[in-house]
Amino acid sequence: MINPVHSFLIQITVAYVVDIIIGDPQWQYHPVRLIGRLIESVESGVRKLPISERLNGIILTLIIVAGTVLATYVLVLVSRNICFLCELMMGTLIIYFSISIKSLAFEAKKVMTSLKENDLIKARKFLAKIVGRDTVHLNEEQIMRACVETVAEGSVDGVLSPLFYSFIGGPIGAIAYKAVNTLDSMVGYKNEKYIRFGWASARLDDVANYIPARISCLLIPTASFLCGCSFKRSLKIALRDGRKHESPNSGIPEAAIAGALGVQLGGPSTYQGEFVEKPFIGDNQNQLTLKSVDTAVKITYVTSILFLIFGIATIICLRYFSLHFIHNL
């Protein structure tokens with residue numbers, strides 16, 4: 001019988017490989033979509049409670065995260081009681097649904113293909129599916145900049161963070177993270193409707209991504225070097241500009257990739273008709289091109305592989321030393 005640690009490693013590795021090959025399925029019963037529907041239903045209910053908006057938001061966050069974890073635990077427990085192979089497959093499936101490496105690259109590629117065809121309208125349409133900013137008036141350079149920024153941010157919340165929590169807590173850890181991340185994407189806005197209600201979800205997402213984002217500060221420069229870019233410049237910009245972003249985490253991978261490409265990201269953008277002045281990240285050494293987006297995608301792929309190897313090696317070493325320590329007691 002395979003021990004639980006090795007079982008987790010098998011589940012994570014197989015889930016990663018399947019995602020690389022197939023990508024994230026557009027399925028109406030996808031766990032993240034189900035979590036999204038649950039958030040919508042619970043939000044309408046908790047908002048009716050005669051308490052402050054912030055407390056309402058805290059209750060929503062607790063219900064969604066706890067409910068997701070409980071439902072996943074039941075699924076894993078039931079599959080375990082059927083047979084070991086069922087448990088292995090269930091865990092693999094849950095982790096697979098939690099990561100989105102190929103889908104991130106695929107969405108970026110659709111934008112790039114439209115730009116190659118000189119179809120700005122289609123490029124803006126595809127970009128609007130993966131960014132929060134307004135896209136209808138963006139020019140070619142602004143589209144490429146937004147695409148690179150999204151790929152950089154996605155390298156953490158779509159790849160490294162789900163893998164990180166998979167290594168810590170297996171499928172339950174992975175899906176708990178996705179619940180937190182989905183909450184932030186749905187109610188973590190800083191507009192009038194959600195600035196107080198979404199406070200707990202946004203802060204919890206910041207905490208959840210804190211360590212993975214800082215791991216990316218080393219992994220992205222390493223991946224950049226392996227992709228033919230500058231390790232030194234990537235690390236330098238990550239350390240210099242990583243904290244300029246409004247988010248305590250998103251700026252780090254953005255700055256690391258901006259440094260690797262020698263381009264400047266950030267700057268003013270429009271969100272739901274509201275102009276937002278964001279700081280610039282990186283140095284304007286090179287012009288943004290379609291190759292910049294393609295290289296950013298490659299760096300993300302290599303970063304994910306490095307983290308997978310690093311995670312597996314760390315778990316195996318920790319297990320070896322813990323067993324060695326117990327043996328010597």
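Rules behind the numbers
- What you see as residue numbers is a count from 1 along each chain, following the sequence as written.
- Thresholds applied to this predicted model are a pLDDT of at least 70 for local features of residues and 80 or more for the giving and counting of side-chain atom pairs; totals over whole chains, interfaces and linings are not thresholded and use all residues.
- Side-chain calculation: all heavy atoms of the structure are included, whereas hydrogens and water are not.
- Numbering of helices and strands runs from the N terminus, with a helix taken as a DSSP run of H or I at least four residues long and a strand as a DSSP run of E at least two residues long.
- Working rule for helices: expected span equals 1.5 Å times residues minus one.
- Each residue gets one of three labels from its accessible area relative to the maximum for its type: buried under 20%, exposed over 50%, partly exposed in between, using a 1.4 Å probe on protein chains only.
- Residue contacts follow a heavy-atom distance rule, with two residues in contact if any of their heavy atoms lie within 4.5 Å.
- By the counting scheme adopted, Arg and Lys are positive, Glu and Asp are negative, and His together with the chain ends is not counted.
- Here a salt bridge means any side-chain nitrogen of Lys or Arg lying within 4 Å of a carboxyl oxygen belonging to Asp or Glu.
- Stacked, tilted and edge-to-face pairs are distinguished by plane angle, under 30 degrees for stacked and over 60 for edge-to-face with tilted covering the rest, among Phe, Tyr and Trp rings (Trp via its six-membered ring) whose centres lie within 6.5 Å.
- Any Lys NZ or Arg CZ found within 6 Å of a ring centre and within 35 degrees of that ring's normal is scored as a charge over the ring.

## Focus: helix H4 (residues 84-98)
(1) Moving on: For H4, which comprises 15 residues, the first-to-last C-alpha distance of 21 Å matches the rise-based estimate of 21 Å (1.5 Å per residue) to within 8%.
(2) Moving on: Those residues of H4 that fall on the buried side of the exposure criterion are Glu-87, Leu-88, Gly-91, Thr-92, Ile-94, Ile-95, Tyr-96, Phe-97 and Ser-98.
(3) Moving on: Tucked inside the fold, the buried residues of H4 contact helix H1 (4-22), helix H2 (31-46), helix H3 (53-82) and helix H7 (140-187).

## A short note on the side chain of Asp-19
(1) Moving on: Mapping Asp-19 onto the fold places it in helix H1.
(2) Moving on: For Asp-19, which is buried and forms no salt bridge, the nearest opposite charge comes from Lys-102, at a distance of 8.6 Å.
(3) Moving on: Apart from residues no more than four positions distant in its own chain, Asp-19 is found in contact with Asp-24, Tyr-96, Ile-99, Ser-100, Ile-101 and Lys-102.

## So, the environment of Asn-249
(1) Moving on: Mapped onto the elements of the fold, Asn-249 is located in the loop between helix H9 (231-241) and helix H10 (251-261).
(2) Moving on: In this structure, the C-alpha to C-alpha distance between Asn-249 and Thr-182, residues 67 residues apart in sequence, is 16 Å.
(3) Moving on: Leave out the neighbours within four places in its chain, and Asn-249 touches Asp-205, Asp-206, Asn-209, Tyr-210, Ala-213 and Arg-214.

## Comments concerning the pattern of salt bridges
(1) Moving on: A complete count under the given rule lists 15 salt bridges for this structure.
(2) Moving on: The salt bridge partner of Asp-241 is Arg-240, with a shortest N-O separation of 2.8 Å.
(3) Moving on: When its relative accessible area of 0% is taken as the criterion, Asp-241 is described as buried.
(4) Moving on: The salt bridge involving Asp-283 is made with Arg-240; its shortest N-O contact spans 2.8 Å. Here Asp-283, found in the loop between strand S4 (280-281) and helix H11 (290-328), pairs with Arg-240, found in helix H9; they are 43 residues apart in sequence, far enough to count as distant.
(5) Moving on: Look at Arg-240 and you get partly exposed, because its relative accessible area is 40%.
(6) Moving on: Through salt bridges with shared partners, a single network forms among Glu-43, Arg-47, Glu-53, Glu-192 and Arg-196.

## A few points about the packing of aromatic side chains
The geometry of an aromatic ring pair is captured by two quantities: the separation of the ring centres and the angle between the planes.
(1) Moving on: This model, assessed by the stated rule, comprises 9 aromatic pairs.
(2) Moving on: With 6.2 Å between their ring centres and 50° between their planes, Tyr-189 and Tyr-194 make a pair best called tilted.
(3) Moving on: Residue Tyr-194 is classed as buried on the basis of its relative accessible area of 10%.
(4) Moving on: When the ring of Tyr-194 is compared with that of Phe-197, the centres are 6.3 Å apart and the planes differ by 50°; the resulting orientation is tilted. The same class applies to Tyr-194 as to Phe-197, namely buried.
(5) Moving on: Three or more aromatic residues link up through ring pairs in this structure, and these residues are Trp-27, Tyr-29, Tyr-96 and Phe-97.
(6) Moving on: Across the ring face of Tyr-210, the terminal group of Arg-214 is positioned such that the distance to the ring centre comes to 3.6 Å.

Read these as spatial facts, not as claims about activity.
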